[in-house]
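Structural description and commentary
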Amino acid sequence: MSLKIGIVGLPNVGKSTIFNALTRSQAAKAANFPFCTIDPNKGIVDVPDPRLYQLADIIKPVQVIHNTIEFVDIAGLVKGASQGEGLGNQFLSHIRECDAIAQVIRFFEDSDIIHVHNEIDPKRDIEIIESELILADLQTLGKRIDKVRSQAKSGDKKLAHDLDALTFIENELGKGIRAINIKLTDEQKELIQDLHLLTNKPLLYIANLKEHEISSFNKENIKKHLNIREHEDIIPICAKLEEDLAGFEEEEAKELLSEAGLSQTGLEEVIRSSYKLLNLETFFTAGVKEVRAWTIEKNSKAPQAAGVIHTDFEKGFIKAEVIGFNDYITAGGELKAKEKGLARQEGKEYIVKDGDVMHFKFNV
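Residues numbered from 1 in each chain as written. Predicted model: local features only at pLDDT ≥ 70, side-chain atom pairs only at ≥ 80, totals over all residues. Heavy atoms only, no water.

On to the overall build of the chain. The number of helices and strands found in the chain is 14 helices and twelve strands. The 364 residues of the chain split such that 50% are buried. Within the chain, residue pairs in contact and separated by at least 24 positions form 68% of the contacts whose partners lie at least 6 positions apart. (Helix = DSSP H or I, 4+ residues; strand = E, 2+ residues; numbered from the N terminus. Buried < 20%, exposed > 50% of the residue type's maximum accessible area, 1.4 Å probe, protein only. Contact = heavy atoms within 4.5 Å.)

Next comes the structure, spelled out in structure tokens:
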């Protein structure tokens, strides 16, 4: 399954610099004036996963194929975007295409880099963007309500029920509650699914800091101050450091990270947080032609995992041969794992576990 993360924020908070660092490119313009990004920049990167290379060391495949994640650098949002200010609706339409939103928040002080509100205030910046997303959703929902209200005049009970549900959601949004945080029934969730509400997307935050500020960044205190929910994450990143890392070889980059008191790059942190936020995990297929990682939702059953490879695999699913990752590595490969009785035949109800090495049998 493809994964797309939209990088958003106010103008001049470092979005494009972070995008360039995460995607190891210079695709996005980074300049000291608002709206230097107009059209969204897109970059697809491999998801780092050392388990792939552990498998490859045993199998010696022709190629190793990673999961991928697409980042989209979207034009800076300003107050009034829902009414068309700045790049307004053009900006908002690009967010609708993403699976999750990563909001870049500027923490660093720098008199040489203009802030659109002339002062650094992360809490205010978050509130502006959240308000604009909610206002945009209220417009989208309002149009649907008008349509359903007109249709409900026919006396159709289902339409009247839908109207009540939509009005309830509208009222909750009006209280400043994001759609994803409104307690909805499965029926209500299905009712608004095709609206692609902006506030119904999972959200994570990226704190753009100076390098020396990273080690003293207290995540829990910051989350509390900014009213960030428990299940949401805020990731401290120095955009300049990440940009520098992109130009180094792996060993040099590790040394630079260590000097900054970090164990992972910003890319690794963002991907880890995105997978957790979207409730995703990885399984592997492994053979001499390729060792490959696949992304699935947690608690997916074996046929659903097979369907990620090809829809025909799911339709004609018979069974899956499964070896746990640790068993595969400890045994030293598929054949030895089978000899030790570590390979299992699983049916349609098997729930795939993160790291499973799988082969599928199916009818064509």
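From this point, the discussion proceeds with the structure in view.
Turning our attention to the packing of helix α4 (residues 122–152) against helix α5 (residues 157–174). Across the interface, α4 lies against α5 with an axial gap of 9 Å and an inter-helix angle of 160°. Compared by their axis directions, α4 and α5 come out roughly antiparallel. By crossing handedness, the relation of α4 to α5 is classed as left-handed. Of the residues in α5, those in contact with I134, D137, L138, L141, G142, R144, I145, V148, R149, Q151 and A152 of α4 are L159, A160, D162, L163, L166, T167, I169, E170, L173 and G174. Here the contact of α4 with α5 is built from residues that sort into twelve nonpolar, four polar and five charged. (Axes fitted to C-alpha atoms, helices over the stretch in contact; angles between N-to-C directions. Parallel < 35°, antiparallel > 145°, perpendicular 65-115°, else oblique. Left-handed = near helix turned anticlockwise from the far one by under 90°. Nonpolar A, V, L, I, M, F, W, Y, C, P; charged D, E, K, R; others polar.)

Attention now goes to the nonpolar core. Side chains that are nonpolar tend, in soluble globular proteins, to be buried together. Ranked by size, the top nonpolar core spans 58 residues in total, and within it I5, I69, F71, F107, I206 and I234 carry the most contacts. The contact partners of I5, leaving out residues within four places of it in the chain, are I69, E70, F71, V72, C98, A100, A102, S274 and L278. The next biggest cluster of nonpolar side chains, apart from the first, holds 18 residues, and it includes I134, V148, I182 and L197. (Core = buried A, V, L, I, M, F, W, Y, C linked by side-chain atoms within 4.5 Å.)

Read from one edge to the other, the open sheet built from six strands follows the order β2-β4-β1-β5-β6-β7, with strand pairing classed as mixed. Only two strands of the sheet have a single partner each, and these edge strands are β2 (41–46) and β7 (234–237). Pairwise comparison of adjacent strand axes, ignoring direction, gives a mean angle of 25° for this sheet. Where strand β5 (residues 100–106) meets strand β6 (residues 203–208), six bridges bridge the pair, whose relative direction is parallel. Bridging from a neighbouring strand, V104 pairs with I206 of β6. The strands touched by helix α1 (residues 15–23) within the sheet are β1 (4–8), β2, β4 (68–73), β5, β6 and β7, with β4 carrying the most contacts at an inclination of about 160°. (Pairing = 2+ DSSP bridges.)

What follows is about the pattern of salt bridges. Side chains bearing opposite charge may pair, as long as their charged atoms lie close to each other. Using the criterion set out here, one finds 21 salt bridges in the structure. Between R144 and D194 there is a salt bridge; the shortest N-O distance is 3.0 Å. Here D194 lies in the loop between α6 (186–192) and β6 and R144 lies in helix α4, a separation of 50 residues in the sequence. Residue R144 is classed as partly exposed on the basis of its relative accessible area of 21%. Since its relative accessible area comes to 46%, D194 is described here as partly exposed. (Salt bridge = Lys/Arg side-chain N within 4 Å of Asp/Glu carboxyl O.)

This paragraph deals with helix α9 (residues 250–259). Along α9, the positions that sit buried rather than exposed are A253, L256 and L257. Down the axis of α9, the sector holding all buried residues measures 100°, keeping them to one side. In α9, those exposed residues whose orientation departs by more than 90 degrees from the buried face are E251, E255, S258 and E259. Structurally, α9 contributes buried residues whose contacts are with α8 (239–245). (Arc of directions from axis to C-beta.)

For the structure on display, the rule yields six aromatic pairs. Here F107 and F217 contribute two aromatic rings whose centre-to-centre distance is 5.9 Å and whose plane-to-plane angle is 75°, an arrangement assigned as edge-to-face. Of this pair, F107 sits in the loop between β5 and α4 while F217 sits in the loop between β6 and α7 (219–226), and the two are 110 residues apart along the sequence. Judged by relative accessible area, which is 14%, F217 ranks as buried. What links up through ring pairs into an aromatic cluster is the set F283, W294, F317 and F360. Over the face of the ring belonging to F325 we find R51, whose NZ or CZ atom lies 5.9 Å from the ring centre. (Phe/Tyr/Trp six-rings, centres within 6.5 Å; stacked < 30°, edge-to-face > 60°. Lys NZ or Arg CZ within 6 Å of the ring centre and 35° of its normal.)

What follows concerns α7. Residues of α7 that are buried: I222, K223 and L226. Buried positions in α7, seen along its axis, are confined to an arc of 100° and lie on one side of it. Structural note: α7 exposes N221 and K224 on the side pointing more than 90 degrees away from its buried face. Check the buried side of α7 and you find it contacts α4 and β7. One or two positions beyond α7, positive phi appears at N227, with a value near 60°.

This part takes up the confidence of the model for the chain. Interpreting fine coordinate detail is not advised for predicted regions of low pLDDT. When pLDDT is averaged along the chain, the result is 87; 88% of the residues meet or exceed 70. The model gives residues 84–88 a pLDDT under 50, and that stretch makes eleven contacts with residues more than four places away or in other chains. (pLDDT = per-residue confidence, 0-100.)

Let us look at a negative patch on the surface. Together, E211, E249, E252, E255 and E259 make up a region of like negative charge exposed at the surface. Checked against the element boundaries, E211 lands in the loop between β6 and α7. Overall, E211 belongs to the partly exposed group, its relative accessible area being 38%. (Patch = residues over 30% accessible without salt bridge, like charges linked within 9 Å, V, L, I, M, F, W, Y side chains within 5 Å. Areas by Shrake-Rupley, 256 points an atom, 1.4 Å probe, with all protein chains shown as cover. Lys, Arg positive; Asp, Glu negative; His and termini not counted. Charge placed at Lys NZ, Arg CZ, Asp CG, Glu CD.)

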